[in-house]
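Single-letter residue listing:
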Amino acid sequence: MAQAKIQAKANTEAHNAGKFSRSVSMAARSNHLLEVLDDLEGRVQAFRDAASALELEKEYLIEKIHSVQNSQDIRNICDGEREELFLTAERLMGRTHTVEVSVETIRNPQQESSLQQATMIIDDIVKKVMDNLENGRKQLMSLYGACSSDVPAAPVDQKFQSIIIGCAIEDQKKIKRRLETLIRNINNSEKSITLLEHQRQKSAFSLNHNKTT
């Protein structure tokens, strides 16, 4: 009888020891998998950051090619050289557009709605900007002020600011970057127009001067 109790106790301890051993093994595997996922999360973020950097590089290249095509310098060279430069710029633009980079932003319904509203407001201004560059620049500056944490250089569009706050962080950065590009392009356009007007007045003065002499 005593022998039977001793054997039963030994069997119970052996069974419990087996359960404990399996439990420790499962915990170790779980911790290992968590470490793997933590490492992958860091690599996924680094992957997204690298893709975002490529998006920025593509935007920069397109803007610089456009600036060459629309620069005052290219208007002041002979037709043959101008045509060659335009063809080179078009070739570079085509090669740039062959690279497709897209980093999707995860949004909830409210963020999606806010993005659509913000995009619509900017698009409406862009459609009218060529009719009045100065007015368009002022409107875009007020939108930019709503996106910036710095002291605004122009009155802030409060309505746009409330919309921007509802956007995802990544969308806020992209909208701010788009506004920066638009304002920079308008400033460059104004400079080109000023230079052209100056040249026109200079040519007119020279023509009138020659007539009088």
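Residues numbered from 1 in each chain as written. Predicted model: local features only at pLDDT ≥ 70, side-chain atom pairs only at ≥ 80, totals over all residues. Heavy atoms only, no water.

The protein chain has the name BAG family molecular chaperone regulator 2 in an unreviewed UniProt entry, where Xenopus laevis is given as its organism.

Brief notes about the packing of helix 5 (residues 133-147) against helix 6 (residues 158-165)
At a closest axis distance of 8 Å, the pairing of helix 5 and helix 6 adopts a crossing angle of 40°. It follows from the interaxial angle that helix 5 and helix 6 lie oblique. Crossing angle aside, the handedness with which helix 5 passes helix 6 is right-handed. Residues Leu143, Ala146 and Cys147 of helix 5 pack against Phe160, Gln161 and Ile164 of helix 6. Looking at the contact of helix 5 with helix 6, its residues break down into five nonpolar, one polar and no charged. (Axes fitted to C-alpha atoms, helices over the stretch in contact; angles between N-to-C directions. Helix = DSSP H or I, 4+ residues; strand = E, 2+ residues; numbered from the N terminus. Parallel < 35°, antiparallel > 145°, perpendicular 65-115°, else oblique. Left-handed = near helix turned anticlockwise from the far one by under 90°. Contact = heavy atoms within 4.5 Å. Nonpolar A, V, L, I, M, F, W, Y, C, P; charged D, E, K, R; others polar.)

Points about a negative patch on the surface
Residues Glu35, Asp38, Asp39 and Glu41 make up a contiguous surface patch of negative charge. Taking relative accessible area as the criterion, aspartate 38 reaches 52% and is therefore assigned exposed. (Patch = residues over 30% accessible without salt bridge, like charges linked within 9 Å, V, L, I, M, F, W, Y side chains within 5 Å. Areas by Shrake-Rupley, 256 points an atom, 1.4 Å probe, with all protein chains shown as cover. Salt bridge = Lys/Arg side-chain N within 4 Å of Asp/Glu carboxyl O. Lys, Arg positive; Asp, Glu negative; His and termini not counted. Charge placed at Lys NZ, Arg CZ, Asp CG, Glu CD. Buried < 20%, exposed > 50% of the residue type's maximum accessible area, 1.4 Å probe, protein only.)

So, helix 5
For helix 5, built from 15 residues, the straight-helix expectation of 21 Å at 1.5 Å per residue is met to within 8% by its first-to-last C-alpha distance of 21 Å. Every buried residue belonging to helix 5 is among Leu133, Gly136, Leu140, Met141, Ser142, Leu143, Gly145, Ala146 and Cys147, and all of these are buried. Of the residues flanking the start of helix 5, the one acting as N-cap is asparagine 132, its side-chain oxygen 3.4 Å from the backbone nitrogen of glutamate 134. (Expected span 1.5 Å × (residues − 1). Polar contact = N/O pair within 3.5 Å; in protein donor to acceptor, adjacent residues only side chain to side chain.)

Section: the nonpolar core
Of all hydrophobic cores here, the largest spans 21 residues; its most connected members are Ile122, Leu140, Leu143, Phe160, Ile175 and Leu179. Of all the secondary structure elements, the ones that give two or more residues to this core are helix 4 (109-128), helix 5, helix 6 and helix 7 (169-212). The element that contributes the greatest number of residues to this core is helix 5, accounting for six residues. (Core = buried A, V, L, I, M, F, W, Y, C linked by side-chain atoms within 4.5 Å.)

Brief notes about the side chain of threonine 96
Along the chain, threonine 96 falls in helix 3 (residues 79-97). Residue threonine 96 is classed as buried on the basis of its relative accessible area of 12%. Those residues in contact with threonine 96 that sit more than four places away from it in its chain are Lys58, Leu61, Ile62 and Ile65.

Some details on the side chain of glutamine 69
Relative to the elements of secondary structure, glutamine 69 occurs in helix 1 (residues 2-69). There is a polar contact of 2.8 Å between the side chain of glutamine 69 and the side chain of glutamate 90. In this structure glutamine 69 touches Ile74, Phe86, Ala89, Glu90 and Met93, once residues within four positions along its chain are discounted.

Quick word on the pattern of salt bridges
A complete count under the given rule lists nine salt bridges for this structure. Residue lysine 174 pairs with glutamate 55 through a salt bridge whose shortest N-O separation is 3.8 Å. You can see lysine 174 sitting in helix 7 and its partner glutamate 55 sitting in helix 1, a full 119 residues away along the chain. By relative accessible area, lysine 174 is classed as partly exposed at 29%. We note a salt bridge from arginine 184 to glutamate 63, for which the minimum N-O separation is 2.7 Å. Here arginine 184 is found in helix 7, whereas its partner glutamate 63 is found in helix 1, with 121 residues between them in sequence. For arginine 184, a relative accessible area of 37% puts it in the partly exposed group. Residue classification places glutamate 63 among the buried residues on the basis of a relative accessible area of 14%.

Brief notes about a nonpolar patch on the surface
Nonpolar side chains collect at one region of the surface, where Leu34, Val36, Leu37 and Leu40 lie side by side and expose about 340 Å² of accessible area between them. Within the secondary structure, leucine 37 is located in helix 1.

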